[in-house]
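# Summary of the model geometry
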Amino acid sequence: MSQLFSLKECSSTNDEISKFLLYENSDFTGLYTFNQTKGRGQYGNIWIPTAGKNLAYTLAVKTQNILCSDFIFNYYTAIIVRDFLAKLADHDVKIKWPNDIILKGKKIVGILIEKKKINQNNYFIIGAGINILQDQFDEISNAGSLLTQTGHAFDLEDFTLRLHEYLLEKLKNIPSDREILDRFNKNLFRKDEISVFEIEKERQNGIIRNADEKGELWIELENGMRSFYHKEVKLLY
């Protein structure tokens, strides 16, 4: 059983969804708005979209339905969002480790997954900020939208309903850990390419080789292979 709710405006769908879970007993509960005022990204980063042009979407999933590890579930969530957008955009879409979605070199989706206990139930709270119709970004920004990257203006309501249905379908049929890890690495942004990284406030050249089941990213640097957790390394492209 699933439910999908909407708000004309809210501070953060990840925060607001708890109110809807108090009265629902669904395995999957979704909430969305096209006007989020205080969105949060990974590790406290701020994400504020343009009102009426982008989607803030959260899906609460009971953890009892998810048998894989938190890291693998994080990867799988990125994979299914990537797959959905790749079908719509008809273009190669990549995952920037650990779970940003990149279309033609620009970030169009940020994902934040939290675990919360609400009304005696444990949930994965999957939040996604998706740039859909925004057409103006800071000149030095690495952000884009479906509109800027494809030239196509998607209908916000239709997009949201299709995304929600797609995620439900895929989350009810989670493949093996091995398949998830293979698919994640197959679509990893800048894998096996020389890139510039910021490590301990210094710039270094390196090559992303793979992400592992522990949530670490392995990079081949000039002095050998090293693994990193998120925020220990920054990809500068």
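Before any of the text, the structure's been laid out above.
In this convention, every chain numbers its residues from 1, walking through the sequence in written order. Note on the predicted model: pLDDT of at least 70 is required for a residue's local features to be given, and 80 or more for side-chain atom pairs to be given and counted; whole-chain, interface and lining totals, by contrast, use all residues. Neither water nor hydrogens contribute to the side-chain values; these are computed over all heavy atoms in the structure.

### Here's the deal with the packing of helix α2 (residues 70–89) against helix α5 (residues 177–186)
- Note on geometry: axes are C-alpha line fits, over the in-contact stretch for helices, and angles between N-to-C directions span 0 to 180 degrees. Numbered from the N terminus, helices here are DSSP runs of H or I no shorter than four residues, and strands are runs of E no shorter than two. As a packed pair, α2 and α5 sit with axes 9 Å apart at the nearest point and diverge in direction by 55 degrees. Judged on the interaxial angle alone, α5 and α2 are oblique. The way α2 lies across α5 gives a crossing that is left-handed. The residues of α5 that touch α2, namely those facing I72, Y75, Y76, A78, I79 and D83, are D177, I180, L181, R183 and F184.
- Ten residues, namely Ala, Val, Leu, Ile, Met, Phe, Trp, Tyr, Cys and Pro, are considered nonpolar, four, namely Asp, Glu, Lys and Arg, are considered charged, and the remaining ones, Gly among them, are considered polar. For the contact of α2 with α5, a count of residues per class yields eight nonpolar, no polar and three charged. Angular relationships are summarised with four words: roughly parallel below 35 degrees, roughly antiparallel beyond 145, roughly perpendicular across 65 to 115, and oblique for the angles in between. When the near helix sits turned anticlockwise from the far one by under a right angle, the crossing is termed left-handed; a clockwise turn instead gives a right-handed crossing. Here, residues are in contact when the closest pair of their heavy atoms is within 4.5 Å.

### Looking at the nonpolar core
- Take the buried Ala, Val, Leu, Ile, Met, Phe, Trp, Tyr and Cys residues and link them wherever side-chain atoms come within 4.5 Å; each set so joined is a nonpolar core. For each residue, the accessible area found with a 1.4 Å probe, counting protein chains only, is set against the maximum for its type, and the residue is called buried under 20%, exposed over 50%, and partly exposed in between. If you look at the biggest cluster of nonpolar residues, it comprises 61 residues, and the most contacted ones within it are F159 and L171.
- Here the element with the most residues in this core is α2; it accounts for 13 residues.
- Setting aside anything within four residues of it in sequence, one finds F159 in contact with L55, F84, L85, L88, I130, I132 and L146.
- In terms of nonpolar packing, the next biggest core, distinct from the first, is built from seven residues, I17, L21, A60 and Y123 among them.

### Considerations on the sheet that holds strand β11 (residues 202–211)
- In space, the five strands of this open sheet follow the order β13-β12-β11-β10-β14, with antiparallel pairing throughout. Only two strands of the sheet have a single partner each, and these edge strands are β13 (224–228) and β14 (234–235).
- Pairing between strands is defined by DSSP: at least two bridges between them are needed. By the bridge criterion, six bridges tie strand β10 (residues 194–199) to β11 in an arrangement that is antiparallel. If you follow S195 over to β11, its bridge partner there is G206.

### Quick word on the pattern of salt bridges
- Salt bridge criterion: a side-chain nitrogen from Lys or Arg within 4 Å of a carboxyl oxygen from Asp or Glu. Evaluation of the coordinates by the stated rule reveals 17 salt bridges.
- R82 is the partner of D83 in a salt bridge, and the nearest nitrogen-oxygen pair spans 2.9 Å.
- Among the ionic pairs, E169 bridges to K170, the shortest N-O distance being 4.0 Å.
- Given the relative accessible area of 27%, K170 is considered partly exposed.
- One continuous salt-bridge network, built from bridges that share partners, spans R82, D83, E179 and R183.

### Description of the packing of aromatic side chains
- The criterion for an aromatic pair is that two Phe, Tyr or Trp rings (for Trp, the six-membered ring) have centres within 6.5 Å, with stacked assigned to planes under 30 degrees apart, edge-to-face to planes over 60 apart and tilted to the rest. The tally for this structure, following the rule as stated, stands at seven aromatic pairs.
- Ring plane angle 75 degrees and centroid distance 5.4 Å describe the contact between F84 and F159, whose orientation is recorded as edge-to-face. Residue F84 is found in helix α2, and its partner F159 is found in helix α4 (residues 156–171); the two are separated by 75 residues along the sequence.
- F159 gets classed as buried once you look at its relative accessible area, which sits at 2%.
- Ring pairs connect the aromatic residues F84, F154, F159 and Y166, which therefore count as one cluster.

### Things to note about the sheet that holds strand β8 (residues 106–118)
- Pairing is mixed across the open sheet formed by seven strands, whose spatial order is β1-β2-β5-β9-β8-β7-β6. In this open sheet, the two strands that pair with only one neighbour each are β1 (2–7) and β6 (93–96). Across the sheet, the mean angle separating the axes of adjacent strands is 20 degrees when strand polarity is ignored.
- Bridge analysis of β6 against strand β7 (residues 100–103) gives four bridges, and the strand direction is antiparallel. Bridging from a neighbouring strand, I95 pairs with I101 of β7.

Purely geometric numbers; function is a separate question.
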